[in-house]
Amino acid sequence: MEYNFKEIEKKWRQAWAERGTYRVKEDAEKEKFYVLNMFPYPSGAGLHVGHPLGYIASDIYARYKRLRGYNVLNPMGYDAYGLPAEQYAIQTGQHPAKTTEQNIARYREQLDKIGFCFDWSREVRTCEPNYYHWTQWAFRRMFNSFYCNSCQQAQPIEKLVEAFEQNGTAGLDVAGSEELNFTAEEWKAMSDVQQQEVLMNYRIAYLGETMVNWCPQLGTVLANDEVVDGVSERGGYPVVQKKMKQWCLRVSAYAGRLLTGLETIDWTDSIKETQRNWIGRSEGTEMQFRVKDSDIEFTIFTTRADTIFGVTFMVLAPESELVAQLTTPEQKADVDAYLEATKKRTERERIADRKVTGVFTGSYAVNPFTGEAIPIWVSDYVLAGYGTGAIMAVPAHDSRDYAFARHFNLPIIPLVEGADVSEESFDAKEGTVMNSPVAGKETLHGFSLNGLSIKEAIAATKEFVTKHGMGRVKVNYRLRDAIFSRQRYWGEPFPVYYKNGMPQMVPEECLPIELPEVSKFLPTETGEPPLGNADYWAWDTVACKVVENSRIDNISVFPLELSTMPGFAGSSAYYLRYMDSHNEKALLSAEAADYWKEVDLYVGGSEHATGHLIYSRFWNKFLHDIGVSKVEEPFRKLVNQGMIQGRSNFVYRLKDTNTFVSLGLKDNYDVTPLHVDVNIVQNDVLDIEAFKAWRPEYADAEFILEDDKYICGWAVEKMSKSMYNVVNPDMIVEKYGADTLRLYEMFLGPINQSKPWDSNGIDGCARFLRKAWGLFFDKENLAVTDVEPSKENLKTLHKLIKKVTEDIEEFSYNTSISAFMIAVSELSSQKCRSREVLQQLVVLLAPFAPHICEELWHIMGNEGSVCDAQWPVFDEAHLKEDNVTLSVSFNGKTRFTLDFPTTATKEEIEAATLASEQTQRYLEGMQVVKIIVVPGRIVNIVLKNK
RNA sequence: GCUCGAAUGGUGGAAUGGUAGACACGAGGGACUUAAAAUCCCUUGGCCAGUAUCGGCUGUGCGGGUUCGAGUCCCGCUUCGAGCACCA
C-alpha cells in the first residue's frame, strides 16, 4: 500500500482536534510535566522553516513524556503587542489589532499543519483584555510594594509607611533609588505630596527621572537590551541619552537573587554566563574622602582598596552633583565648557572615539591614609550611574586611569614589585605590594601593606577601613532598573491616573483598563504619546470606573497615563497564565499554581538572554514574594535552539546581457552574481523553466550550461525575503508531509546549533518514512501477524529502545533518527512480521512522526490514540550474545579481532589471546610488558624489544 | 580587553579515554527500464599496493604533554562564533 501522507495527515489533524486529544487537566493521580516554547510575535511574513525548529523539539519531548505516563502541559500563544504592527498602522491606517488578528490566523494555520500536541484551549494573546488585565494587576502590585534588603523580599508599601511613622528611616535596609534620611517627626510633618514623593523612592514600580535611551525616530524610550551599539535594535535608529520621567521597575533590587538563582537551574553555561555579565556583581569598598579646606565629604567605590597609596588624582562623573560644589571660581569657566561639551556627545560618539578628555575642578581631596592632597578632576570616563559616580584614580594599576594620567601629565606610582609601568598599567591582581606606604612616610595608625600579596592587601584594607569607620564593604551590581514606559500605541495601557501631579493606581476591581481607540497612531501635536489622540471621554470604561470607585466628580481634571508598557511586560508571566488561562478572578488559582508549579522544560532562542529571560525571572520572583507563583525560579531547564540561517542561491549573469553562466564556468567570464529564489533550485541545479517564469525579464534568458545543467552558487546568509532564501514550512509539508518535515528539521543537527537551512537532505527522511511504512505491508495487504519475534528482531528492537530513550532525554534527536533508520533497514532485511515488535516500533517513532504512527496504530487494529500508548520497556537480555568480538592491539595499534564466549573472564581472555596463532606472530623478538583487557571492547598487549 | 563556546571527509554531522568518520546528503559505478522518474545493489577521508591473498602508511585546526591507548584529558597557540565592554 502506498504511503499517502496527504490523506493520513489531514485525517488525523481533524480527528485530534475533534477528540480534544491534546487537552490537559490538572490530575492529582499523575505526575505533571510542563513543556513551554517561547511564544512567537506574529509577524506579517508568517513562519519560515526556522521557527518550528524549537517547537518540534519540544513537541517530541512533550509526546515522549506523555507516553511515559506524565500529565503534560504543552501550551501555545502569541506575544501580540509589538512595533511592526504599529508601524504598519502608521503607514496604512490599518488598526494594529486587525493586522495582529490576521497574522495570528496565518500563524495558526501554519502551525496546525505540523502536527503539534499543543493544548490550544489554553491559548493566550498578550493584547487581549482578559490577558493584560493581569499584566496591569502585577504592575499595580509592584507599585504598592517595596523591597526589603534584610529579608530579601518584596513587601507591601504600608509596612514601610508604618516604619516611617515609628522610626523614620532609622534602622531600615530597603532598596531605594537614593539614600534618604529622615526622622519619624520629619515624615509626619511632610505634606501628602511630599510623602508620596518619598515613597516613590522605594516602590518596586516607580516613576523616576532618569537618564533614558531616547530614540527620536521611533518617538519612544528603549530599555538597555533594546539598544545595540548605540542604535535601536528594531530599525537601527540613533539613540540619545535624555533625562525623562519614566515608569521603572526596580529590577536592581533583585540582582542578588537573580544571580544566586542561576546556580539552581539547569541552563547552558553560556546563557548563565551572559546573565552573570549583565548582572555584573562586583565586590569592593566604599571609602569616604574629605575635601581639603572644606566640610564636604564624598564617597567613592573601588574593588582595589589595596591601591590607596597609589592614588594620584580623583575623578568625578560630569553628571555628578559634586562637580558644582567642588569647582573653584577660577576653574568654573573651564568646567562649564567641559560639561557643555560632554552633554552634546551621544553615547554612540563616546563609544566611537575614546579620546581622553577631562578638566580640573580646582579642589583637592585628602587621602585618608596619608593626609596627602589629591587633585579632583571631572571626566566622562567615569559613569554617573555606577557606584557613586566618583573614583579614586590609580594610574599604575588601571588602564583607564593610566591613559588619563599620561594625557594630563599626572604622577604614576607603581605599587607592585617588578611591575613595569613605563608603557602601560599593570592591571593584574597578582604580585607583592610595595610603596604602600613609600619608605619613611607616615600613615594613619602606621598602616602598611608592603610585602603582602594583592589578595591579602585587599582584605587587609577592607578590614582596616571598616574598623576605623572610613567606609564599608559594598557589593555593586551593573544591572540597572528596567525602564517600563514606551511612548507608543500598541501596548498595555497603564492603570494609572494623576492627581496633584502624583500618579495614582486605578483600583484593582476596575481592571483591566482597556486600550482606547485613537484617531491616529502618531504622537499628538503637543508631543504626547499616541494615546493622547484618544478622545478623552472615549476612555469611557476607564473614566467611569475611576469616577465610580474613587468618587471623583470630574475625571477630566485627573489626566490618565498616556504611555504604554514595553514588549517584555506581556511576556513576563505568560507561563503562569497558561496554567489557568480562563480564570477571571485571578492571574491563576492557587490549585493550578500548586499543581503545575514551574516550567520543567523551556525551549527558545538565546537572543533573549538579557531581555525576556531576566525580566521574567524578576517578575516571577516578585510574584513569588507576594505568594502567586509557587517557585523562586520559573524555568527549571532551558534549551536554546539554534538559529536557522538561509542558504541563498546565485545565478551569474554575463555583464550587460540576459545570458547566465553556470557556476563551474563563471570564472571565464565577466559576471554579476544575482540572488535567485531557492524554491526554484534543487540540489543547486536551477530549474530553467521555472526561472524563466519567475520574472518577466528572464522569460527569454539564455544559459551557458555545464553537463547540460545550470549549477547555482550558494552562500549562508540571514533568512530574508530580499535574499530570496525563505523556505516556508507549508511548502515542505505540501511536498513531503509534516512527518518528513519534523524528522528532517531534527535530523539537520544538534538543536542547539545554528545552521543554514538546506533542503538537499530532505529526501533521505522521506525515503526513511516510506521504508518504515513498507515494513507493515505486503503489496496491498497488512503483513503484520502474531508470529513470535525472532531473536534478531528483538535485538534490533531493544537496541533501538535503549538508544532512542537515552537520546530523547539528552535532546539528541538527530542520532535517534539515525538509530531508527538502522533499525528499519535491519527489520526490513530480517523480514520482520511480528506484531509485538512492529507495534513497539510505532510507539517509539510516534513522538517524531505522529501522523504516520497514528495511522499505523489504527491499521494494526488498536483503539484510542498512539499518544496514549505505553513507552516500550528496555530489556538488556535481548542484547546479550553468545560470543563477543574483541579487537586485539599491540602498543595501542589494532591488528586483528578474536571471538570469545560472553562468559569468559578477563584472565581467560588474556590467556586465550596470548595462546592464539595471530598473537604469536607479533611476539617474535618481543617481550610482553602487560596486557590490558577492557571487557566488551579491546585487548591491548604492551610489548617492548627483548 | 575580559568571559564563554567551537574547530572531524565534497556537505550536514556520529563517536561512556578503547577498531575515527555511524546515519544522511552529494558524487561515481551497476541492475531494472525504449527512456526518464522511482526502486534496489556496490564504491566513496587521503596516499600507495592489489584484486588468486581479506594489504600497508597516513589522518580529527597547530605545537607540546599525560596514558598501554587521546577527536576525547592537561598546558601553550591559531582561527571562527557568541556575550559584555570606559562598570573603577
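Above this text you will find the structure in question.
Colleague: Let's hear about a negative patch on the surface: which residues, and what values?
Modeller: A cluster of acidic residues, Asp-420, Glu-423, Glu-424 and Asp-427, forms a negative patch on the protein surface. Mapped onto the fold, Glu-424 is located in the loop between helix H14 (399-408) and helix H15 (454-467).

Colleague: Pulling in residues and values, what's your account of the protein's contact with RNA strand B?
Modeller: Taken together, 47 residues are adjacent to RNA strand B, and Arg-400, Arg-478, Arg-767, Arg-937 and Asn-940 come closest. Near the protein, within 4 Å, the atoms of RNA strand B are sugar or phosphate in 58% of cases. Between RNA strand B and the protein, one listed contact pairs a sugar or linking oxygen with a backbone N or O atom of Tyr-381 at 2.6 Å. Its residues assigned to classes, the surface near RNA strand B comprises 16 nonpolar, 19 polar and 12 charged.

Colleague: Please give an account of the sheet that holds strand E34 (residues 926-934) that cites residues and values.
Modeller: Reading across from one edge, E33-E32-E35-E34 is the order of the four strands in this open sheet, with mixed pairing throughout. Strands at the two margins of the open sheet, each flanked by one partner only, are strand E33 (893-901) and E34. Geometrically, the sheet is characterised by an average inter-axis angle of 25° between neighbouring strands, direction not taken into account. Here eight bridges tie E34 to strand E35 (residues 938-945), and the two strands are oriented antiparallel to one another. Bridge assignment links Ile-931 to a residue of E35, and that residue is Ile-941. The strands touched by helix H29 (residues 906-915) are strand E32 (883-890), E33, E34 and E35; relative to E34, the strand with the most contacts, the crossing angle is about 140°.

Colleague: Would you mind going over the packing of helix H10 (residues 269-279) against helix H20 (residues 612-625) in detail, with residue names and values included?
Modeller: Between two packed helices, the angle of one axis relative to the other and the distance separating the axes together describe the packing. The contact between H10 and H20 brings their axes to 11 Å, and the two run at 75°. As summarised for this structure, H10 and H20 are arranged roughly perpendicular, according to the angle between their axes. Of H20, the residues touching H10 (which contributes Gln-275, Trp-278 and Ile-279) are Leu-613, Ile-614 and Arg-617. Here the residues of the contact of H10 with H20 are counted per class, giving four nonpolar, one polar and one charged.

Colleague: Tell me what's going on with the pattern of salt bridges, and back it up with residues and numbers.
Modeller: Per the stated rule, a full pass over the model turns up 43 salt bridges. In this structure, Asp-112 engages Arg-108 in a salt bridge whose closest nitrogen and oxygen atoms are separated by 3.1 Å. Pair noted here: Asp-112 and Arg-108 are both in helix H4 (residues 96-112), with a separation of four residues, about one helical turn.

Colleague: Which residues make up the side chain of Asn-37, and what values do they have?
Modeller: Positionally, Asn-37 belongs in strand E1 (residues 32-37). Reaching out from Asn-37, the side chain makes a polar contact with the side chain of Ser-58 at a distance of 2.7 Å. Apart from the residues within four sequence positions on either side, Asn-37 is in contact with Gly-54, Tyr-55, Ser-58, Asn-74, Met-76, Phe-118, Tyr-574, Tyr-602 and Val-603.

Colleague: Give a detailed account of the pairing of strand E12 (residues 313-316), specifying residues and quantitative values.
Modeller: Where burial is concerned, the two faces of E12 agree: the one with Phe-313 and Val-315 and the one with Met-314 and Leu-316 are both buried. Two strands pair when backbone bridges link them, and E12 and strand E15 (residues 390-393) are joined in this way by four bridges, in the antiparallel orientation. Along E15, the bridge assignment pairs Phe-313 with Ala-393. Where E12 and strand E14 (residues 373-378) come together, three bridges link them in parallel fashion. Bridge assignment links Met-314 to a residue of E14, and that residue is Ile-376.

Colleague: So what's going on with the nonpolar core? Which residues, and what values?
Modeller: Formed by 178 residues in total, the largest nonpolar core has its most connected members in Trp-247, Leu-249, Phe-484, Leu-623, Phe-776, Tyr-813 and Phe-848. The biggest single contributor to this core is helix H2 (residues 52-67), with nine residues. Apart from residues lying up to four places away in sequence, Phe-776 is in contact with Asn-781, Leu-782, Ala-783, Val-784, Leu-838, Leu-841, Val-842, Leu-856 and Met-860.

Colleague: Describe the state of the cysteines, listing the residues and the values that go with them.
Modeller: Following the criterion strictly, the structure yields one disulfide and no others. A sulfur-sulfur distance of 2.3 Å marks the disulfide that ties Cys-148 to Cys-151. Around the S-S axis, the bridge from Cys-148 to Cys-151 shows a dihedral of about 135° and counts as right-handed. Looking at Cys-148, the relative accessible area reads 8%, which means it is buried. Left without a disulfide partner, Cys-248 is nearest to the cysteine sulfur of Cys-215, which lies 18 Å away. Residue classification places Cys-248 among the buried residues on the basis of a relative accessible area of 1%. With no disulfide of its own, Cys-832 lies 15 Å from the sulfur of Cys-853, the closest cysteine sulfur. A residue is classified by how much of its surface remains accessible, and Cys-832, at 1% relative accessible area, is buried.

Colleague: Could you give an account of helix H28 (residues 850-859), naming the residues involved and the relevant values?
Modeller: Burial of H28 is extensive: eight of the 10 residues sit out of reach of the surface. Within H28 the residues assigned to the buried category are Pro-850, His-851, Ile-852, Cys-853, Glu-854, Glu-855, Leu-856 and Trp-857. Buried-residue contacts for H28 involve helix H1 (5-19), H2, helix H23 (738-747), helix H24 (762-774), strand E30 (777-778) and helix H27 (835-845). Following H28 by one or two positions, Gly-861 adopts a phi angle in the positive range, close to 95°.

Colleague: I'd like a rundown of the packing of aromatic side chains, residues and numbers included.
Modeller: Ring pairs (aromatic) are described by centroid distance and by the angle formed between their planes. Overall, the coordinates contain 70 aromatic pairs when judged by the stated rule. The cationic tip of Arg-695 hangs over the ring face of Trp-694; the distance from NZ or CZ to the ring centre is 4.8 Å.

Colleague: Lay out the pairing of strand E9 (residues 240-249) with the relevant residues and their values.
Modeller: Sheet topology note: the strand E5 (residues 205-215)/E9 ladder contains 10 bridges and is antiparallel. Looking at the pairing, Thr-210 lines up with Met-244 of E9. Examined bridge by bridge, E9 and strand E17 (residues 482-483) share two bridges and lie antiparallel to one another. Directly across from Leu-249, in E17, lies its bridge partner Ala-482.

Colleague: How would you explain the environment of Ala-783 if you had to name every residue and give the values?
Modeller: Structurally, Ala-783 can be placed in the loop between strand E31 (781-782) and helix H25 (791-809). The sequence separation of Ala-783 and Ile-483 amounts to 300 residues, and the corresponding C-alpha distance is 66 Å.

The rules behind these values
- Residues numbered from 1 in each chain as written.
- Chains lettered and ligands numbered in written order.
- Predicted model: local features only at pLDDT ≥ 70, side-chain atom pairs only at ≥ 80, totals over all residues.
- Heavy atoms only, no water.
- Patch = residues over 30% accessible without salt bridge, like charges linked within 9 Å, V, L, I, M, F, W, Y side chains within 5 Å.
- Areas by Shrake-Rupley, 256 points an atom, 1.4 Å probe, with all protein chains shown as cover.
- Salt bridge = Lys/Arg side-chain N within 4 Å of Asp/Glu carboxyl O.
- Lys, Arg positive; Asp, Glu negative; His and termini not counted.
- Charge placed at Lys NZ, Arg CZ, Asp CG, Glu CD.
- Helix = DSSP H or I, 4+ residues; strand = E, 2+ residues; numbered from the N terminus.
- Near = heavy atom within 4 Å.
- Polar contact = N/O pair within 3.5 Å; in protein donor to acceptor, adjacent residues only side chain to side chain.
- Nonpolar A, V, L, I, M, F, W, Y, C, P; charged D, E, K, R; others polar.
- Pairing = 2+ DSSP bridges.
- Axes fitted to C-alpha atoms, helices over the stretch in contact; angles between N-to-C directions.
- Contact = heavy atoms within 4.5 Å.
- Parallel < 35°, antiparallel > 145°, perpendicular 65-115°, else oblique.
- Buried < 20%, exposed > 50% of the residue type's maximum accessible area, 1.4 Å probe, protein only.
- Core = buried A, V, L, I, M, F, W, Y, C linked by side-chain atoms within 4.5 Å.
- Disulfide = S-S within 2.5 Å.
- Phe/Tyr/Trp six-rings, centres within 6.5 Å; stacked < 30°, edge-to-face > 60°.
- Lys NZ or Arg CZ within 6 Å of the ring centre and 35° of its normal.

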